[in-house]
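# A closer look at the structure
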Amino acid sequence: MNSHEHRNSQYVRPLDQSRERPDLRSVHVREDVARSGRCGNVHMATGRTCILPERHHGSCEFVGPHEAEGIAGH
Ligand SMILES: [Zn+2]
């Protein structure tokens with residue numbers, strides 16, 4: 001009679017994943033801009049943001065922080 005058979009059916013998952021967001025790790029995207037339906041890619045060297053529509057054709061068109069704020073400010 002094995003009474004301990006069901007003991008390992010429950011897993012306790014550690015919460016150490018909460019500090020790192022895998023979706024933001026490799027590509028830098030401004031979340032507030034992306035949330036308003038824009039591309040939101042950030043040009044690392046200049047810190048400028050692409051405000052073209054999400055999944056736009058061609059390459060990104062980066063604008064300065066003031067214009068990006070206007071998009072994200074909704
Ligand atoms: Zn873009």
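Only a predicted model underlies this, so the values are computations on that prediction, with no experimental measurement involved.

Conventions and cut-offs
- Residues numbered from 1 in each chain as written.
- Predicted model: local features only at pLDDT ≥ 70, side-chain atom pairs only at ≥ 80, totals over all residues.
- Helix = DSSP H or I, 4+ residues; strand = E, 2+ residues; numbered from the N terminus.
- Buried ≥ 20, exposed ≤ 12 C-beta atoms within 10 Å, placed from the backbone.
- pLDDT = per-residue confidence, 0-100.
- Pairing = 2+ DSSP bridges.

### Observations concerning the overall build of the protein chain
- Tallying secondary structure elements over the protein chain gives two helices and three strands in all.
- Helices and strands in the protein chain line up, N terminus first, as α-β-β-β-α.
- In the protein chain, which comprises 74 residues, the proportion classed as buried is 14%.

### As for the confidence of the model for the protein chain
- With 61% of its residues at a pLDDT of 70 or more, the protein chain has an overall mean of 79.
- Averaged pLDDT values over the elements of the protein chain bottom out at 87 in helix α2 (residues 65–72) and peak at 96 in strand β3 (residues 62–63).

### Examining unusual backbone geometry
- Phi angles above zero are rare outside glycine, and Arg-55 is one such case at about 60°.
- Mapped onto the elements, Arg-55 comes out in the loop between β2 (48–50) and β3.

### Notes on the sheet that holds strand β1 (residues 42–43)
- With respect to topology, three strands assemble into an open sheet ordered β1-β2-β3, the strand pairing being antiparallel. Each end of this open sheet is capped by a strand with a single partner; those strands are β1 and β3.
- Relative to β3, β2 runs antiparallel, the two being bridged by two bridges. Counted as the bridge partner of Thr-49 is Val-63 from β3.

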